[in-house]
Amino acid sequence: MLEFFKRIFNPQPSSVTARERLRLVLLSDHLALAPDVVESLKADLIAVISKYVDVDADHCDVTFEQQESVVAMLANIPILGMKPVAKAPRPAPPPALRQAQDDMPPPITDPSPVSASTAKPRRRRRRRSNANAAPAHG
Amino acid sequence: MHPSTELRAGYLEEDPLPAAPPAPQRRGRCIVVTSGKGGVGKTTTTANVGVALAAGGARVVLVDADVGLRNLDIVLGLEARVRHHVLDVLEGQAELDDALVSDKRVSGLKLLAASQTREKDDVDTPAFRGLIDQLRERFDYVLIDCPAGIEKGFQNAIAGADEAIIVCTPEVSAVRDADRVVGLLGERVKVTLIVNRLRPALVRRGKMLSVEDVNAILRLPLLGVIADEPGVIVSTNKGEPIALDVASPTGQAYRKIAGRIVGTETSAPEIPREATFFGKLFGGQR
């Protein structure tokens, strides 16, 4: 039903659809035809993830899949365990952000999805009411 | 600069007035017409570009490399005059001169037909390459009609060529296959593009990929654009390549393509115009 209405009201000419399909299919083709690029991407990916967790490098699988409107990279990287906790030093934020961060409470070390979804919007609302607050973004 | 031209220049410096200069034979250019996808108009393009080149005064041989599915003779209207084919020559069953069919409408145009009853695997690639080299000594242009696909027939067809014309229609599948073929041709081959079967009215209404859309992907020097028009079908029905008809816009377009290949035509390729109502009503071709 939704598809039907989409078709009726979609003003997009079919040449635009063709262009988009062509772009996606060529992206997939070029990835498939460049196994060396994919291999080195996979190696880099594993190297980065290995900084944080122990991975089973022999059973990693990186593939590309053409989906509805994007080409997606699917990485299946088995994790064997955590690395001993060593906090990576974070790069210093730009000055504009630093002031906004000073208003915020210290970052939560282990954010669960619940705390993130309840705490964040409240803070944002409060800050927005404060006319003198420094912009949080850019 | 072509090596033989360099040679000649050196020769002239030493002796400015040679009695009877044994002009070094300049090797002809070998251009393969290919596309990857079938049914986009490779054979029609080969026939018409060949006719247009010959009409411009060049010595041209058209070689059908589509062994097993030969069609170039049909499109040219020469099917009744083919006696020997390319494999006869390669296997020593016929002399090259006996296998070359002359086109009586345009002087300087010859056809070397493919074998209908054989297979592409029967063609020995080095031998085919040798034949092409032999033809390049005798003709200004050797145009090879490449079969569809990227298998043995394609490999044979491109073996002796150092230039390629990609024929591509404004369709997703054709552009995709053309992109693949360009990748397979590699750096060695100089590649140009003909966009075939364009329907300007559909492009205007956003119902067909435009020449720009196609070439945004392929990024090739554009030789020309051929409209999808009834005249091409009618001329193929009759076995009279439309390039013979100088009055038709498509015939003109092929002549300009030939001019761009030779280097005499410097104008940028034109996008075909839409057929007018009266043009459709009173179109001469039947």
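Residues numbered from 1 in each chain as written. Chains lettered and ligands numbered in written order. Predicted model: local features only at pLDDT ≥ 70, side-chain atom pairs only at ≥ 80, totals over all residues. Heavy atoms only, no water.

As for the overall build of chain B
Then step 1. Along the backbone of chain B there are 13 helices and eight strands.
Then step 2. Classification of the 286 residues of chain B by burial places 49% in the buried group.
Then step 3. Accessible surface, chain B as shown: approximately 13,800 Å² in total, 51% of it carbon and sulfur. (Helix = DSSP H or I, 4+ residues; strand = E, 2+ residues; numbered from the N terminus. Buried < 20%, exposed > 50% of the residue type's maximum accessible area, 1.4 Å probe, protein only. Areas by Shrake-Rupley, 256 points an atom, 1.4 Å probe, with all protein chains shown as cover.)

Observations regarding the packing of helix 2 (residues 14-32) of chain A against helix 8 (residues 172-185) of chain B
Then step 1. As a packed pair, helix 2 of chain A and helix 8 of chain B sit with axes 10 Å apart at the nearest point and diverge in direction by 30°. When the axes of helix 2 of chain A and helix 8 of chain B are compared, the pair comes out roughly parallel. Judged by the sense of rotation from one axis to the other, the crossing of helix 2 of chain A with helix 8 of chain B is right-handed. On helix 8 of chain B, the residues that touch Ala18, Leu22, Val25, Leu26, Asp29 and His30 of chain A of helix 2 of chain A are Val172, Val175, Arg176 and Asp179 of chain B.
Then step 2. When grouped by side-chain class, the residues that make up the contact of helix 2 of chain A with helix 8 of chain B number six nonpolar, one polar and three charged. (Axes fitted to C-alpha atoms, helices over the stretch in contact; angles between N-to-C directions. Parallel < 35°, antiparallel > 145°, perpendicular 65-115°, else oblique. Left-handed = near helix turned anticlockwise from the far one by under 90°. Contact = heavy atoms within 4.5 Å. Nonpolar A, V, L, I, M, F, W, Y, C, P; charged D, E, K, R; others polar.)

Some words on the confidence of the model for chain B
Residues and elements named next belong to chain B.
Then step 1. Here chain B averages 90 in pLDDT, while 88% of its residues score no lower than 70.
Then step 2. Between residues 1-18, whose pLDDT stays under 50, and residues either more than four places distant or in other chains, the model counts twelve contacts.
Then step 3. The complex model carries a pTM of 0.75, and its ipTM stands at 0.77. (pLDDT = per-residue confidence, 0-100.)

Here we look at the interface of chain A and chain B
Then step 1. Taken residue by residue, the interface counts eleven residues in chain A and twelve residues in chain B.
Then step 2. Regarding the contact of chain A and chain B, the summed buried area is about 1,100 Å², with carbon and sulfur atoms giving 66% of it.
Then step 3. The largest contributions to the chain A side of the interface with chain B come from Ser15, Leu22 and Leu26 of chain A, which together make up 41% of the buried area.
Then step 4. In this structure, the connection of chain A to chain B is made through two salt bridges.
Then step 5. A salt bridge links Asp213 of chain B to Arg19 of chain A, with the nearest nitrogen and oxygen atoms 3.1 Å apart.
Then step 6. Applying the counting rule to chain A against chain B returns five residue pairs in polar contact (both at pLDDT 80 or more).
Then step 7. Each residue belonging to the side of chain A that touches chain B can be placed in one class, and the counts come to six nonpolar, three polar and two charged. (Buried area = accessible area lost by both parts, 1.4 Å probe. Salt bridge = Lys/Arg side-chain N within 4 Å of Asp/Glu carboxyl O. Polar contact = N/O pair within 3.5 Å; in protein donor to acceptor, adjacent residues only side chain to side chain.)

Details of helix 11 (residues 230-238) of chain B
Residues and elements named next belong to chain B.
Then step 1. What helix 11 keeps buried is the set Gly231, Val232, Val234 and Ser235. All buried residues of helix 11 fall inside an arc of 165° around its axis, so they share one side. Of the residues in helix 11, the exposed ones pointing more than 90 degrees away from the buried face are Pro230, Ile233 and Asn237.
Then step 2. Buried-residue contacts for helix 11 involve helix 2 (42-55), strand 8 (222-227) and helix 12 (249-262).
Then step 3. If you check the start of helix 11, you find a side-chain oxygen 2.8 Å away from the backbone N of Gly231, and it comes from Glu229.
Then step 4. Of the residues one or two after helix 11, Gly239 is the one with positive phi, at around 75°. (Arc of directions from axis to C-beta.)

Side note on unusual backbone geometry
Then step 1. Positive phi outside glycine occurs at Arg197 of chain B, with the angle close to 60°.
Then step 2. Mapped onto the elements of the fold, Arg197 of chain B is located in strand 7 (residues 190-198).

A look at the environment of Ile271 of chain B
Residue and element names in this part refer to chain B.
Then step 1. Structurally, Ile271 can be placed in the loop between helix 12 and helix 13 (277-282).
Then step 2. For Ile271, a relative accessible area of 42% translates into the label partly exposed.
Then step 3. Considered as a pair, Ile271 and Ala58 are 213 residues apart in the sequence and their alpha carbons are 26 Å apart.
Then step 4. Look past the residues within four positions of Ile271 in its chain and what remains in contact with it is Leu198, Val211 and Val225.

A closer look at helix 7 (residues 152-159) of chain B
All names here are of chain B.
Then step 1. The element helix 7 is largely enclosed, with a buried count of six among its eight residues.
Then step 2. Those residues of helix 7 lying buried are Gly153, Phe154, Asn156, Ala157, Ile158 and Ala159.
Then step 3. Tucked inside the fold, the buried residues of helix 7 contact strand 1 (29-34), helix 6 (125-138), strand 5 (141-145) and helix 8.

A closer look at the side chain of Thr250 of chain B
Then step 1. If you trace the backbone, Thr250 of chain B turns up in helix 12.
Then step 2. Thr250 of chain B has contacts with Ile226, Glu229, Val232 and Ile242 of chain B, leaving out every residue within four places of it along the chain.

Overview of the packing of helix 2 of chain B against helix 12 of chain B
In a pair of packed helices, the angle between the axes and the distance between the axes together describe the arrangement.
Residues and elements named next belong to chain B.
Then step 1. Contact geometry for helix 2 and helix 12: axes closest at 8 Å, N-to-C directions at 70°. Viewed along their axes, helix 2 and helix 12 adopt a mutual orientation that is roughly perpendicular. Taken as a pair, helix 2 and helix 12 cross one another with a handedness that is right-handed. Between helix 2 and helix 12, the contacting residues are Thr44, Thr45, Asn48, Val49, Ala52, Leu53 and Ala55 on the first element and Tyr254, Arg255, Ile257, Ala258, Ile261 and Val262 on the second.
Then step 2. When grouped by side-chain class, the residues that make up the contact of helix 2 with helix 12 number nine nonpolar, three polar and one charged.

Some words on the confidence of the model for chain A
Residues shown with low pLDDT carry predicted positions that ought not to be read at fine detail.
Then step 1. Residues with a pLDDT of 70 or more make up 54% of chain A, whose mean pLDDT is 71.
Then step 2. The least confident element of chain A, judged by mean pLDDT, is helix 5 (residues 113-129) of chain A at 40; the most confident is strand 1 (residues 53-55) of chain A at 93.

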